[in-house]
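# Descriptive structure summary
This is what each chain is made of:
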Amino acid sequence: MAKAASSKRSSPEKDATASPPPTPNRPRPPEPKRHKADKAEMLEYYRQMLLIRRFEERAGQLYGLGLIGGFCHLYIGQEAVAVGLQSAMDFSKDSVITGYRDHGHMLAYGIDPKVIMAELTGREAGISKGKGGSMHMFSVEHKFYGGHGIVGAQVPLGAGLAFKHKYAGDGGVCLAYFGDGAANQGQVYEAFNMASLWALPIIFVIENNQYAMGTSVNRASAEDQLYKRGESFRIPGLQVDGMDVLEVRGAATTALEWVRSGKGPILLELKTYRYRGHSMSDPAKYRSREEVQAVRDKSDPIEALKRELEKAGVSEDELKSIDKDIRAIVAESADFAEQSPEPDPSELYTDVLVESY
Ligand SMILES: Cc1ncc(C[n+]2csc(CCOP(=O)(O)OP(=O)(O)O)c2C)c(N)n1
């Protein structure tokens, strides 16, 4: 279910009473096709989504036990977005940047769950040496540039990464994620303008999970069809079912073909849903339990893929054994985190400035 933003321009020389034909004023990507995956590929997406789900559930428990301090924003419900998009990227040259709801994106990039859990719990072995926590995960090695707590800040930073790809001619594309709330930030549109003007290789991804903290997208956005937000900057937009990993993967292919062919940025709006609170201290008064349950029942991305796998002949035992493996990986990551020491107090003075001044 992907929908291209239509842009109509009226033609003054034509009869004013006749409706002008819907002629797009610029080239557009083709309508994305749902990705055709074989059984092995579907099983891989299933594994990755399940890993994110179970990892996040465990993170929620560790938070409850006081082992995770500060903020913690869970990604449960949105798994198909990171997995569907990042499975299409070329890890050797492309880059990713996102906001503070970042654990799922790291896992989808194949980063070791042990170092992510150690970061969440503020341990020395964490991917940011235990100094970043949930919101500030970073891995230059994996071209994963955070993890940002300032809503929308990652969008111009992503444009900067894309500029680097273009300047260095390294063939990379930047995938810059942000939320429906961030989509109303001014700096997003400054970044859109420059990215389009310079035809930067960037995919802007709006993860529309329907809520920015306690405010629903239609209460906060005059135009809630967020895929249209790039139109004034000549950035084409596609709206994608973010609860269907194969739809997401199909849209990723279309977007990457567009950007890699030098046509400049593209905008994807992924319609998704977060099951858990905004953070761990969310009173959840802005929506009903029934609303959340209805999405879980009807649109859960993992359950939907499970049904497809069953249809493709994957047995219940096989699915159970995957679940068991994933639980073991998550348990191992939690044990690893708990056993890793906290950073030495002297670490307070390292990694603060690039050089000494
Ligand atoms: C510039 C700025 N303004 C406000 C905040 C407080 N804040 C933190 S998260 C958030 C909501 C953002 O929602 P959205 O972009 O939809 O992302 P989601 O949490 O849904 O992933 C707000 C307003 C902030 N961190 N930075």
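This structure is a prediction, so every number in the text was calculated from the model and none was measured.

### Looking at the overall build of the chain
What the chain contains, in helices and strands, is 11 helices and eight strands. Its C-alpha radius of gyration of 21 Å places the chain within 12% of the 21 Å reference for a compact globule of 357 residues. On the principal axes, the C-alpha backbone points of the chain span a range of 75 × 60 × 40 Å. Long-range contacts, defined here as pairs at least 24 residues apart, represent 75% of the contacts in the chain between residues at least 6 apart.

### Some remarks on the pairing of strand E7 (residues 237-241)
In terms of residue burial, E7 counts as a mostly covered element, since four of its five residues are buried. Where E7 lies against strand E8 (residues 266-271), five bridges are found, and the strand directions are parallel. Counterpart to Val240 in the pairing with E8 is Leu270.

### Topic: the UniProt feature "domain: Dehydrogenase E1 component" (unreviewed entry) in the chain
The sites that carry the UniProt feature "domain: Dehydrogenase E1 component" (unreviewed entry) are, in the present numbering, residues 48-345. Between the end C-alpha atoms of residues 48-345 there is a gap of 36 Å, over a span that is 44% helix and 10% strand.

### A few points about helix H1 (residues 39-64)
Its 26 residues place the ends of H1 37 Å apart at the C-alpha level, agreeing with the 38 Å of an ideal helix rising 1.5 Å per residue. Directly after H1, the chain includes Gly66, whose backbone phi takes a positive value near 85°.

### Quick word on the environment of Asn208
You can see Asn208 is positioned in strand E4 (residues 202-208). Placed 28 residues apart in sequence, Asn208 and Asp180 show a C-alpha to C-alpha distance of 4.8 Å. In this structure the side chain of Asn208 is engaged in a polar contact, spanning 3.0 Å, whose partner is the backbone nitrogen of Gln210.

### Topic: the packing of aromatic side chains
Applying the stated criterion across every chain yields a total of 12 aromatic pairs. Ring geometry for Tyr273 against Tyr275: centres 6.4 Å apart, planes inclined by 50°, an arrangement best described as tilted. The same class applies to Tyr273 and to Tyr275, which are both buried. Site record: aromatic cluster; members linked through ring pairs are Phe178, Tyr189, Phe192, Phe204 and Phe233. Looking at Lys114, its charged tip hangs above the ring of Phe336, at a distance of 6.0 Å from the centre.

### Focus on the side chain of Glu79
Here Glu79 shows up in helix H2 (residues 79-86). Residue class for Glu79 comes out buried when judged on its relative accessible area of 0%. Apart from the residues lying within four places of it in its own chain, the contact partners of Glu79 are Met49, Ile52, Arg53, Pro301 and Ile302.

### What to know about the site of the ligand
Residues in close proximity to the ligand total 15 residues, the closest being Tyr100, Arg101, Gly181, Ala182 and Asn209. In this structure, Asp180 approaches the ligand through a main-chain N or O atom, which is 3.2 Å from an oxygen atom. The contact in question runs from an oxygen atom of the ligand to an N or O atom on the side chain of Asn209, over 2.9 Å. When isolated, the ligand has an accessible area of 590 Å², and the protein chains bury 70% of it. In terms of residue class, the shell around the ligand is built from seven nonpolar, six polar and two charged.

### Examining the packing of H1 against helix H8 (residues 245-260)
Closest axis-to-axis distance for the H1/H8 pair is 11 Å, and the angle between their directions is 105°. Here H1 is positioned roughly perpendicular relative to H8, judged by the angle of their axes. Facing H1, whose interface residues are Glu41, Met42, Tyr45 and Met49, H8 presents Val245, Leu246 and Arg249. The residue makeup of the contact of H1 with H8, split by class, is five nonpolar, no polar and two charged.

### A short note on the packing of helix H4 (residues 113-120) against helix H11 (residues 316-339)
Two elements in contact, H4 and H11, have axes whose closest approach is 8 Å; the angle formed by their N-to-C orientations is 45°. Relative to H11, the element H4 is oriented oblique. The two elements H4 and H11 meet at a crossing, and its hand is right-handed. Across from Pro113, Lys114, Met117 and Ala118 in H4, the residues of H11 making contact are Ile329, Glu332, Ser333, Ala334, Phe336 and Ala337.

### Focus: the pairing of E4
Of all seven residues in E4, seven are buried, a share of seventy percent or more. Of the two faces of E4, the one carrying Ile202, Phe204, Ile206 and Asn208 and the one carrying Ile203, Val205 and Glu207 are both buried. Here six bridges tie strand E3 (residues 174-179) to E4, and the two strands are oriented parallel to one another. Within E4, the residue paired with Tyr177 across the bridge is Val205. Tracing the backbone out of E3, into helix H6 (residues 186-197) and back to the parallel element E4 gives a crossover that is right-handed. When E4 meets E8, the two strands line up parallel, connected through six bridges. Within the sheet, the bridge partner assigned to Glu207 lies in E8 and is Leu270.

Thresholds, definitions, all that
Residues numbered from 1 in each chain as written. Predicted model: local features only at pLDDT ≥ 70, side-chain atom pairs only at ≥ 80, totals over all residues. Heavy atoms only, no water. Helix = DSSP H or I, 4+ residues; strand = E, 2+ residues; numbered from the N terminus. Rg over C-alpha atoms; globule rule 2.2 N^0.38 Å. Contact = heavy atoms within 4.5 Å. Buried < 20%, exposed > 50% of the residue type's maximum accessible area, 1.4 Å probe, protein only. Pairing = 2+ DSSP bridges. UniProt positions renumbered as here; feature names shortened; annotations may be inferred. Expected span 1.5 Å × (residues − 1). Polar contact = N/O pair within 3.5 Å; in protein donor to acceptor, adjacent residues only side chain to side chain. Phe/Tyr/Trp six-rings, centres within 6.5 Å; stacked < 30°, edge-to-face > 60°. Lys NZ or Arg CZ within 6 Å of the ring centre and 35° of its normal. Near = heavy atom within 4 Å. Areas by Shrake-Rupley, 256 points an atom, 1.4 Å probe, with all protein chains shown as cover. Nonpolar A, V, L, I, M, F, W, Y, C, P; charged D, E, K, R; others polar. Axes fitted to C-alpha atoms, helices over the stretch in contact; angles between N-to-C directions. Parallel < 35°, antiparallel > 145°, perpendicular 65-115°, else oblique. Left-handed = near helix turned anticlockwise from the far one by under 90°. Right-handed = clockwise from strand over helix to strand, strands pointing away.

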